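Coordinate inspection notes
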Amino acid sequence: MRVALHKLLLAWLLLIAAAAWAQDTVDTTLDSARTQLEQIRKRLGGDVREGKPLGDAELADFRRQLLTLQQRAEAIALEQAPQFDSAQARLAELGPVPAEGSEAGDVAEQRRALKKSSELLDTRMKLARLLALESEQLSDEVGGQRRARFRAELFERTDSVLAPSFWNDLRSGLTRDTARLQQFKQRLSDAIAGSSGARWLALAGMLLAALALRVWLGRWLTELASQRTPPGRVRRSLYAVLQTLLAMLVPGVAAYALALGLSENLADGDPLRPLLASSVGAVCFAAYIAGLGHALLTPRRPSWRLLPLPDSVALGLRWYPTLIGAVTFVGWFMQRLTGGLSLSLAIEVAVNGAYALALGAVLVRTVHRGEQLRRRAMAEADAEQATDDARPTWLTLSLVAVWGILVLALLGIVVGYVALGSFVVRQITWIAVLALSAYLLNLLIDDAATTWLIDDDESLGETRPRPGRALRNQAVVLGSGALRLTIWLLVLVLILAPFGESPADLLQRTDQLREGIAVGELQLKPTALLQSLLVFLLALLALRALKSWLSERFLPTTSLDAGMRSSVTTLLSFLGTVVAIGLGLSAIGLELEKVAWIASALSVGIGFGLQAVVSNFVSGLILLAERPVKVGDWVVLGGPGPGFEGDIRRINVRATEIQMGDRSTVIVPNSEFITKIVRNVTHQNPVGLVQIKLPMPLDCDTAKVSEILRRAFEEHDDVMDTPAPNVQLDGIDKGQLVFNATGFVASPRQSYGVRSALLFRVLQDLREADVPLWQAPGLVLREAPPPEPPPSELPPKQEP
């Protein structure tokens, strides 16, 4: 027992020591962060170090340090928050401080310890949040300085290459620059000579192995794309992506082997070492440009080409991507070399200008050559093919704008705006590479989703996809859309990188979203949002499974009719959706009381703006509860007068679907069934009335006609025996007897067909019984009076 107590005490002491050590570590971290923050602030305050302004690299390093400090301080504040809440909860359990002397000593001691711990944790949290806020503000200040410096340097003008002063400056530093280039050449020669022959042989063997692997992988990828990939467009896009990546293999291995062979005999501080290390990435990027252009053009395989280009255009432009990649690498290497060797400013300006002029000239030539080849191909083709090859207007305007901007940039370089012209040329190249890369990836995503995941229901002869397949197709379309949107957002971030916000900085800022966004007292965190969405989706899936079980398994075993079963599942859908929304809001941290307050606040707006929608919704609930009409009923809207009639097919939240006799569907708001006159033909008694009014001559045999009518009703299979058919003499109308024969059928929907069949039968039986259906009209003849003579033939009037 004593040994166990000693072990328990030792474990308790170790736990206290670990907690104290952790707290000391937190305090040390906060102190060091505060010291580092003050040092950066002092460096930025003067903006001058040894008479030289802070460079862009130093500002970028300060920004990364500040973002790291901000993340560290926010993490400490988040770590201390649960401990502070726990201490506050324990204090709340102890209750208020009682009167002096009435509290036990151990309880008072625990209360003092908890208060001290709470105050210490609160102080640490406030200090960490203050450090995070100061780091964010100082980081924004650094970003503003970088953007201001970028704009100032971008529009700075130097001497024009056509001015004699430019060449004089270049000539004045030529001796010093030549000496430094000679030293660089000597160090490079020594590095080459210092490496053993065996090492160079091993590196050459590695290069040959990479070349052989490149050839084998090229053949294997062709076989994979043509034989093992599902048929469709995904073959082309997958082959283009793999070929683009494969194009970097041999140049990258060659650059790495050269850098590895030369770096062996270089000192650690030699500027040639970082130049060789970064050259490997530059070579891979140049090879990527060449491989991307070749994969998109595919000059030797027109059927695999992704871009809608004629064969002559693709063949004419096949070497331009390689040329652009080579010029990009050479220009980059020369820029880094002049900066690493600290050559004169004139040399640096000349190298930047030459690089921008060369790259811009190649780009202008590429656009011009492609346009020439396209016009030539359209001229040689017939009129129909020329119409099919017409480009969109936006693409034509974009090419014209790019060509014009490049020409203006080249002119700007010539007249002295080297920084601006170089930036424009490099940025156009960078945007083109990103846009083509995004285009290729989007094609791959879309083709993969279309070919591998989405089933073509029409090819299977199905007019409507199954629910499971439709849900999967929707998920695939949404997933592919999200991936494409992510790619374009990444492209936008990379395009904006040269303007003072690097991708690393944006990623670090994105990481800050883990804390969430404060909306009043509610803290919206990404994890909480995902958890809420997951709870909502799981609730909907459970609701869907319950509805399927009720409608397919349980309700058919009850005595409920089809309309009542539909009403039950619809009401369950309403209630389940409300419950799912409530569970999702609870998972996000929003209490149901707050939801009630929000609903109360929105009730005014709903009353004015959504009055009709709410009225239809409530009417739909009344229809489902009282069931004045139900699914399957035959209703007539508009009262006994003119209106429209049909069968109710579905009662939705807002409206009801009615199928007319011509198979068309009428969407009727639910409020129409509550506030208007509705005739439900099949509400209580679903039997239908068949009525025939037959006019007959006055001299017909009434008994015989009545017997024929009654026998026709009784012998028809669809006419019900109870109530029995009835034939009555309705009256005399326009000199004819009107017989009224009635009978009943099982459904009102049969009335029209049965009435037609009975009319055919009655007319046939009347003819067979020689009963006249009409009476010939009588003709009365009378003698007309003699005509009067004309006035000229009258005898003369005699005088008295």
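Attention here is on the structure that accompanies the text. Everything numeric here is computed off the predicted structure, so don't read it as measured data.

**Focus on the overall build of the protein**
- The secondary structure content of the protein amounts to 24 helices and 12 strands.
- Taking all 800 residues of the protein together, 33% fall into the buried category.
- Long-range contacts, defined here as pairs at least 24 residues apart, represent 71% of the contacts in the protein between residues at least 6 apart.
- When the accessible surface of the protein is split by element, carbon and sulfur atoms take 63% of a total near 48,900 Å².

**Brief notes about the pattern of salt bridges**
- A full pass over the atoms with the stated rule returns 14 salt bridges.
- In this structure, Glu371 and Arg375 form a salt bridge, with 3.1 Å as the shortest nitrogen-oxygen distance. On the criterion of helical spacing, the pair formed by Glu371 and Arg375 is a turn pair, its members being four residues apart in helix H12 (residues 345–380).
- Residue Arg375 is classed as exposed on the basis of its relative accessible area of 56%.
- Two residues, Asp647 and Arg649, come together in a salt bridge whose shortest N-O distance is 3.9 Å.
- Residue classification places Arg649 among the partly exposed positions, given a relative accessible area of 44%.
- Connected through shared salt-bridge partners, Arg34, Glu38, Arg41 and Glu134 make up one network.

**Examining helix H23 (residues 702–715)**
- Along its 14 residues, H23 runs 20 Å from first to last C-alpha, staying within 8% of the 20 Å computed at 1.5 Å per residue.
- By the burial criterion, the buried members of H23 are Val705, Ser706, Ile708, Leu709, Ala712 and Phe713. Along the axis of H23, the buried positions cluster into a sector of 160°, meaning they face one direction only.
- Looking at the buried positions of H23, the neighbouring elements they touch are strand S10 (688–697), strand S11 (726–733), strand S12 (736–745) and helix H24 (751–768).

**Details of the sheet that holds strand S8 (residues 665–669)**
- Strand order in the open sheet made by the five strands is S8-S7-S6-S5-S9, with antiparallel pairing throughout. One side of each edge strand has no neighbouring strand; the edge strands of this open sheet are S8 and strand S9 (678–680). The mean inter-strand angle of the sheet, taken between neighbouring strand axes irrespective of direction, is 40°.

**With respect to the pairing of strand S6 (residues 644–651)**
- Looking at chain direction, strand S5 (residues 634–637) and S6 are connected through four bridges and run antiparallel. Bridge assignment links Val635 to a residue of S6, and that residue is Gly646.
- Pairing of S6 with strand S7 (residues 655–659), which is carried by four bridges, proceeds in the antiparallel orientation. Within S7, the residue paired with Ile651 across the bridge is Thr656.

**Here's the deal with the nonpolar core**
- Counting residues in hydrophobic clusters, the biggest one holds 27 residues, and the most contacted among them are Leu306, Ile324, Leu359, Leu363, Leu406, Val425 and Leu440.
- Those elements that place two or more of their residues in this core are helix H7 (234–246), helix H9 (272–297), helix H11 (320–340), H12, helix H14 (393–415) and helix H15 (418–453).
- Not counting residues within four places of it along the chain, the set of residues in contact with Leu306 comprises Arg236, Ser237, Ala240, Leu296, Tyr439, Leu440 and Leu443.
- Among the nonpolar cores identified, the runner-up in size contains 22 residues, and Val690, Ile708, Leu709 and Leu766 belong to it.

**With respect to the environment of Val719**
- Mapped onto the elements of the fold, Val719 is located in the loop between H23 and S11.
- On the basis of relative accessibility, which here comes to 7%, the residue Val719 falls in the buried class.
- The spatial distance from the C-alpha of Val719 to the C-alpha of Ala746 is 7.7 Å, given a sequence separation of 27 residues.
- Setting aside residues up to four positions removed in sequence, Val719 forms contacts with Phe713, Pro725, Gly743, Phe744, Val745, Val754 and Leu758.

**A short note on the side chain of Ser135**
- Residue position: Ser135 is located in helix H3 (residues 105–154).
- The class for Ser135 is buried, based on a relative accessible area of 1%.
- With near-sequence residues (within four places) excluded, Ser135 lies in contact with Leu37, Leu66, Leu69 and Gln70.

**Section: the packing of aromatic side chains**
- Throughout the structure, instances matching the rule amount to four aromatic pairs.
- Ring geometry for Phe285 versus Trp430: centroids 6.1 Å apart, planes at 45°, classification tilted. You can see Phe285 sitting in helix H9 and its partner Trp430 sitting in helix H15, a full 145 residues away along the chain.
- Of the residues examined, Trp430 reaches a relative accessible area of 26% and is grouped as partly exposed.
- Taken together, Phe329, Trp332 and Phe333 form an aromatic cluster joined through their ring pairs.

**Some details on the environment of Ile405**
- Mapped onto the elements of the fold, Ile405 is located in helix H14.
- On the basis of relative accessibility, which here comes to 42%, the residue Ile405 falls in the partly exposed class.
- Along the sequence, Ile405 and Val425 sit 20 residues apart, while their C-alpha atoms lie 8.6 Å from each other.
- When neighbours within four sequence positions are excluded, Ile405 is seen to be in contact with Val424 and Ile428.

**A look at the pairing of S12**
- Along S12, eight of the 10 residues are buried, which leaves the element largely enclosed by surrounding structure.
- Where S10 meets S12, 10 bridges bridge the pair, whose relative direction is antiparallel. Bridge pairing links Val690 to Gly743 in S12.
- Bridge count between S11 and S12: seven bridges; the pairing is antiparallel. When the bridges of S12 are listed, Ile732 appears paired with Leu737.
- Between S11 and S12, which pair antiparallel one after the other, the connecting turn spans two residues, and Lys734 there sits at a positive phi close to 60°.

**Structural notes on the sheet that holds S12**
- Taken together, three strands build an open sheet; the order of strands is S10-S12-S11 and the sheet is antiparallel. Only two strands of the sheet have a single neighbouring strand rather than two, namely S10 and S11. With direction set aside, neighbouring strand axes in the sheet form an average angle of 25°.

**Here we look at unusual backbone geometry**
- In the segment running from Thr722 into Pro723, the intervening peptide bond is cis, with an omega of -5°.
- Within the element layout of this structure, Pro723 appears in the loop between H23 and S11.
- Despite not being glycine, Asp770 shows a phi value in the positive range, around 55°.
- Within the fold, Asp770 resides in the segment after H24.

Rules and cut-offs
Residues numbered from 1 in each chain as written. Predicted model: local features only at pLDDT ≥ 70, side-chain atom pairs only at ≥ 80, totals over all residues. Heavy atoms only, no water. Helix = DSSP H or I, 4+ residues; strand = E, 2+ residues; numbered from the N terminus. Buried < 20%, exposed > 50% of the residue type's maximum accessible area, 1.4 Å probe, protein only. Contact = heavy atoms within 4.5 Å. Areas by Shrake-Rupley, 256 points an atom, 1.4 Å probe, with all protein chains shown as cover. Salt bridge = Lys/Arg side-chain N within 4 Å of Asp/Glu carboxyl O. Expected span 1.5 Å × (residues − 1). Arc of directions from axis to C-beta. Pairing = 2+ DSSP bridges. Axes fitted to C-alpha atoms, helices over the stretch in contact; angles between N-to-C directions. Core = buried A, V, L, I, M, F, W, Y, C linked by side-chain atoms within 4.5 Å. Phe/Tyr/Trp six-rings, centres within 6.5 Å; stacked < 30°, edge-to-face > 60°.

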